[in-house]
Amino acid sequence: MKTDGALTPAQIDDLRAIARLMIPANMEFDVPGADDPTIQADILATLGRDADLVRQALDQIARLAKQPLASLAPAQQEAVATEFHATGGTTVATLSRVILQCYYRDDRVVRSLGLEPRPPYPKGHVLDDGDWSLLDPVRKRPPMWRRA
């Protein structure tokens, strides 16, 4: 088993296939699928500590398919994904979380949800470095002490 965090080309293809099954593109709402190249690049760049479990999930999917998932017809891919979902255990949750977190932080998806693709605070206002005036209401409160 690889432990350097990198996925093989076959695993990357299977990851793209499973992401497409999870969230297909939708032209009506103008959102990409989770197999979009930008989203896939984000997934691969941010695997981090999840790399081993993602690799295990993709290996389990390939074993269930008896070949790379990406080489199967769409109906067969769905059948394998359904079986994996039912039997995959913690690897299902990890693979799903990795795909979903990258999908829902994509700017196009955020915009489709009616949100602005930026941090919610400070709502576009620029704060000067060292400006701690936002803490003034807190500083005006009396000290709070409690026994440990």
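Scroll up a little and you will see the structure.
Residues numbered from 1 in each chain as written. Predicted model: local features only at pLDDT ≥ 70, side-chain atom pairs only at ≥ 80, totals over all residues. Heavy atoms only, no water.

Asker: If you had to explain the overall build of the protein chain to someone new, which residues and values would you point to?
Answerer: Within the protein chain one finds seven helices and zero strands. Sequence-ordered secondary structure for the protein chain, helices as α and strands as β, is α-α-α-α-α-α-α. Only carbon and sulfur atoms are counted for the fraction: they give 57% of the accessible area of the protein chain, which is about 10100 Å². (Helix = DSSP H or I, 4+ residues; strand = E, 2+ residues; numbered from the N terminus. Areas by Shrake-Rupley, 256 points an atom, 1.4 Å probe, with all protein chains shown as cover.)

Asker: Give a description of the pattern of salt bridges that names residues and reports values.
Answerer: Scanning the model with the defined rule gives eight salt bridges in all. A salt bridge links Arg 16 to Asp 13; its shortest N-O distance comes to 3.1 Å. Note that Arg 16 and Asp 13 are positioned in helix α1 (residues 9–22) at a spacing of three residues, about one turn of the helix. Take Arg 16: its relative accessible area is 31%, and that puts it in the partly exposed class. (Salt bridge = Lys/Arg side-chain N within 4 Å of Asp/Glu carboxyl O. Buried < 20%, exposed > 50% of the residue type's maximum accessible area, 1.4 Å probe, protein only.)

Asker: Outline the nonpolar core, supporting the account with residue identities and numerical values.
Answerer: Judged by nonpolar contacts, the single largest core of 29 residues is most densely connected at Leu 15, Ile 18, Ile 43, Ile 61, Leu 95 and Ile 99. Listing elements by their share of this core, those giving two or more residues are α1, α2 (37–45), α3 (51–65), α4 (74–87) and α5 (90–103). Excluding residues that lie within four positions of it along the chain, Ile 99 makes contacts with Leu 15, Ile 18, Ala 19, Met 22, Ala 34 and Ile 43. (Core = buried A, V, L, I, M, F, W, Y, C linked by side-chain atoms within 4.5 Å. Contact = heavy atoms within 4.5 Å.)

Asker: Requested: an account of the environment of Gln 60, with residues and values cited.
Answerer: Secondary-structure assignment places Gln 60 in helix α3. The spacing of Gln 60 and Thr 91 is 31 residues in sequence and 8.9 Å in space, taken between C-alpha atoms. In contact with Gln 60, other than residues within four places in its own chain, are Phe 84, Thr 87, Gly 88 and Thr 91.

Asker: Break down α1 for me, citing the residues and quoting the values.
Answerer: End to end, α1 covers 20 Å across 14 residues, agreeing with the expected 20 Å (1.5 Å per residue, within 8%). Those residues of α1 not exposed but buried are Gln 11, Asp 14, Leu 15, Ala 17, Ile 18 and Ala 19. Those residues of α1 that are buried lie in contact with α2, α3, α4 and α5. (Expected span 1.5 Å × (residues − 1).)

Asker: How would you explain the layout of surface pockets if you had to name every residue and give the values?
Answerer: When its volume is computed, the largest pocket comes out at roughly 160 Å³. If you go around the largest pocket, the residues you meet are Ile 18, Leu 21, Met 22, Glu 78, Ala 81, Phe 84, His 85, Val 92, Leu 95 and Ser 96. The set of elements that each furnish at least two residues to the lining of the largest pocket consists of α1, α4 and α5. A per-element tally of the lining of the largest pocket places α4 first, with four residues. (1 Å grid on protein atoms, 1.4 Å probe; cavity = no way out; pocket = protein on both sides within 12 Å on 5 of 7 lines; lining within 4 Å. Points joined across faces, edges and corners; volume = space filled by probe spheres on them.)

Asker: Now, about the side chain of Asp 50: what can you tell me, with residues and values included?
Answerer: Inspection of the secondary structure puts Asp 50 in the loop between α2 and α3. By relative accessible area, which is 9% here, Asp 50 ends up buried. If we ignore the near neighbours within four places in the chain, the residues touching Asp 50 are Thr 94, Arg 97 and Val 98.

Asker: Which residues make up a nonpolar patch on the surface, and what are the values?
Answerer: Side chains of Met 22, Leu 100, Tyr 104, Leu 113 and Leu 115 sit close together on the surface and give an oily, nonpolar patch of about 460 Å² of accessible area. Along the polypeptide, Leu 100 turns up in helix α5. (Patch = residues over 30% accessible without salt bridge, like charges linked within 9 Å, V, L, I, M, F, W, Y side chains within 5 Å.)

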